[in-house]
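Residue-level listing of the chains:
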Amino acid sequence: MSPTSDQAPLSAEDRKLVTLARATRARTRTAEGAAVRDADGRTYAAATVDLPSLQVSALGACVAMAVASGASGLEAAVVLTEAGSVAAADLDALRDLGGAGVVVHRGDARGQVVESSET
């Protein structure tokens, strides 16, 4: 993932992803909240799953929902996390479904985007 040097204002559609990720994270009180938009404009939001027998990142859960819904690609993703970067496995999952050029915004728990890049 290569960070963009000049962070442009988020589009209305990307702001919607931030809102969905923030609401999901707040509602579930989990480590991460994420949201993705597929190639057809549908959105999916999820939180980290951390059960004794199942661990899935918020972004991983979003990608899984998109795949299960028949999405043919991804346009954008938002991850709200305290981590300093998006996990490599999550970026790999985005590339698996969306290929190169999926916009990825990483933000803090409040929904303030601190980094934008592409797969």
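In short, a report on the structure. (Residues numbered from 1 in each chain as written. Predicted model: local features only at pLDDT ≥ 70, side-chain atom pairs only at ≥ 80, totals over all residues. Heavy atoms only, no water.)

## Some words on helix α2 (residues 58-68)
One turn of the α-helix equals 3.6 residues, which is why residues spaced by three or four share an orientation. Short version of the rule: The cut-offs for exposure are 20% and 50% of the maximum accessible area for each residue type, with area from a 1.4 Å probe on protein chains only; residues under the lower value are buried, those over the upper are exposed, and the others partly exposed. The numbering of helices and of strands both runs from the N terminus, where a helix is a DSSP run of H or I of at least 4 residues and a strand a run of E of at least 2. In what follows, residue pairs with any heavy atoms lying within 4.5 Å of each other are defined as contacts.
Those residues of α2 not exposed but buried are Ala 58, Leu 59, Gly 60, Ala 61, Cys 62, Val 63 and Ala 66. Looking at the packing, one finds that the buried side of α2 touches β2 (33-38), β3 (43-47), β5 (54-56), β6 (74-80) and α3 (88-98).

## Digging into unusual backbone geometry
Phi at Arg 29 takes a positive value of approximately 55°, unusual for a residue other than glycine. Looking at where Arg 29 falls in the secondary structure, it is placed in the loop between α1 (12-28) and β2. By relative accessible area, Arg 29 is classed as exposed at 78%.

## Focus on the side chain of Thr 24
Here Thr 24 is to be found in helix α1. Among residues more than four places away in sequence, those in contact with Thr 24 are Ala 45, Ala 46 and Ala 47.

## Looking at the environment of Cys 62
Tracing the chain through its elements places Cys 62 in helix α2. Taking relative accessible area as the criterion, Cys 62 reaches 0% and is therefore assigned buried. Residues Cys 62 and Val 36, spaced 26 residues apart in sequence, show a C-alpha to C-alpha distance of 6.4 Å. The residues touching Cys 62, leaving out its near neighbours within four places in the chain, are Ala 34, Ala 35, Val 36, Tyr 44, Ala 45 and Ala 46.

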